[in-house]
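A look at the structure
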Amino acid sequence: MKTILFAVGLLLLIGIEIALVYYIMPFPGSQVDETVELAYFITKYVWAFRILGLVLIGYPVVMFLKGKSSAIRANVIALLIFWLMVVYAVNFRFVASKMFYQPEHKVLVTAAKNKIEGDQLVLGVMLGNESKAYPIEIIGYHHQVRDTVGGQPIMVTYCTVCRTGRVYSPFVNGVAEEFRLVGMDHFNAMFEDGRTKSWWRQVSGEAITGPLKGNMLNEIPSEQMSLTAWLSRHPDSYILQQDASFIAQYNELKDYDEGKMKGKLERRDSLSWHDKSWVVGISQGLFATAYDWNDLIAKRVINDVVGNAPVVVVLENDSVSFHAWSRVVGNDTLRLRYDEQTKMLTDQRNESWNWHGEKVNSSGVKLTFMQAYQEYWHSWNTFHPQTKKYLP
């Protein structure tokens, strides 16, 4: 009986620690099924399982250590040490909050003092009269960076496994909230709020389990493009700089922008419509459409309708900066194309438009911004199951 109690208790202690990270980290098979509620339950009641396990092994351990067999004592001690090693590994090495830290020194500077290369991708935010740019290879490590733009607190987030950049207001029911990275669900980063311990999905800003389940963070418009392209629009923008405490971590993502990383989770499929293929996604209410990145590179301009909204998706000459606009201007619905001679956009009346969405030689006429995202196909398809593929 002592042996059975010890075995059951030890298996429970080791198993609960492994389960604590298995369901919310990218281990084989862990991100496919709907297990987030189970993961949340384990996290919430982990101490109850630990206490039960310790109760089960308590009496057997005392008896084994008092026994005459030195071999049994050695085996019991070895197994307990192994359990403590699992506890340490799970709680201090494998949990997301111990792998990815917030910046220790958050420095944003103007273009004159900037040290970020111009071809680096950034997530840009413009609020009021202030604009700021956040390099993806920096926020990709941190997963979230808190800041203020135009006097408004914001939460800039990025998940490299989904290639998803989102910016949110960190207010929940009118109260400013603190979030920490807790893991991932369906390969998308999850954050836990400080007050209710609810878990929030990065790609949508939705609380997917916990007391606030169903609540949504308010999204703040953002654009992804090269830093050079961003500064051409916002020359007075501030740019987030590298934190000297995390240079090694940033270097691990130095090929991420270009899609040249070799890892299974952050690589790029060069062919279209594979899990790690790049797409540009647009969502309008119940409707969503994905545009293949390879097709966008070939065409530069794609005219389409998402739901009832005429849209145009364009790719600048740098082949990394993309934009989505409404094609409706006044009473007209434009159809844009790429002009090989001028390297700009032209409508059906042969009138030119620049890459800022502005009509050339016509002050004040500008296309309306539409939110769009570059994303891995597996991510867009998972979180927009109703999506259509744009097929030329």
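First things first, this report covers the structure right here in the doc. (Residues numbered from 1 in each chain as written. Predicted model: local features only at pLDDT ≥ 70, side-chain atom pairs only at ≥ 80, totals over all residues. Heavy atoms only, no water.)

**Topic: helix H3 (residues 46-66)**
- For H3, which comprises 21 residues, the first-to-last C-alpha distance of 30 Å matches the rise-based estimate of 30 Å (1.5 Å per residue) to within 8%.
- In H3, a bend of some 35° at isoleucine 57 exceeds every other bend along the element, and proline 60, a proline, comes one to four places later.
- Within the sequence span of H3, burial applies to Val46, Arg50, Gly53, Ile57, Pro60, Val61 and Phe64. (Helix = DSSP H or I, 4+ residues; strand = E, 2+ residues; numbered from the N terminus. Expected span 1.5 Å × (residues − 1). Bend = angle between axes of the 7 residues up to and from the residue. Buried < 20%, exposed > 50% of the residue type's maximum accessible area, 1.4 Å probe, protein only.)

**Thoughts on unusual backbone geometry**
- Even without glycine at this site, arginine 163 takes up a positive phi of about 55°.
- Locating arginine 163 in the fold gives a position in the loop between strand E5 (152-159) and strand E6 (164-168).
- A positive phi angle, close to 65°, is found at asparagine 350, a residue other than glycine.
- By the element assignment, asparagine 350 lies in the loop between strand E23 (344-346) and strand E24 (352-353).

**A short note on the sheet that holds strand E11 (residues 199-201)**
- Spatial ordering of the open sheet is given by E9-E10-E11-E12, a layout of 4 strands whose pairing is antiparallel. Every interior strand has two partners, whereas the edge strands, strand E9 (179-185) and strand E12 (206-209), have only one. For this sheet the average axis-to-axis angle between neighbouring strands, irrespective of direction, equals 40°. (Pairing = 2+ DSSP bridges. Axes fitted to C-alpha atoms, helices over the stretch in contact; angles between N-to-C directions.)

**Some points on the packing of aromatic side chains**
- Summed over the entire model, instances satisfying the criterion amount to 19 aromatic pairs.
- Geometrically, the ring pair formed by phenylalanine 41 and phenylalanine 49 is edge-to-face, given 6.2 Å between the ring centres and 75° between the ring planes.
- For phenylalanine 41, a relative accessible area of 41% translates into the label partly exposed.
- An angle of 20° between the planes, with centres 5.5 Å apart, marks the rings of tyrosine 88 and phenylalanine 92 as stacked. Taken together, the residues span about one helical turn, with tyrosine 88 and phenylalanine 92 both in helix H4 (residues 70-94) at a distance of 4 residues.
- With a relative accessible area of 48%, tyrosine 88 lands in the partly exposed category.
- In this structure phenylalanine 92 comes out as partly exposed when scored by relative accessible area, which is 47%.
- Each member of the aromatic cluster is reached from another via a ring pair, and the members are Phe100, Tyr141, Phe246 and Tyr250. (Phe/Tyr/Trp six-rings, centres within 6.5 Å; stacked < 30°, edge-to-face > 60°.)

**Comments concerning the pattern of salt bridges**
- The tally for this structure, following the rule as stated, stands at 15 salt bridges.
- Between lysine 254 and aspartate 255 there is a salt bridge, with the nearest N and O atoms lying 3.6 Å from each other.
- What makes aspartate 255 partly exposed here is its relative accessible area of 30%.
- Within this structure, Lys106, Lys132 and Asp147 form a network of salt bridges that share partners. (Salt bridge = Lys/Arg side-chain N within 4 Å of Asp/Glu carboxyl O.)

So yeah, pure geometry; function would need other evidence.
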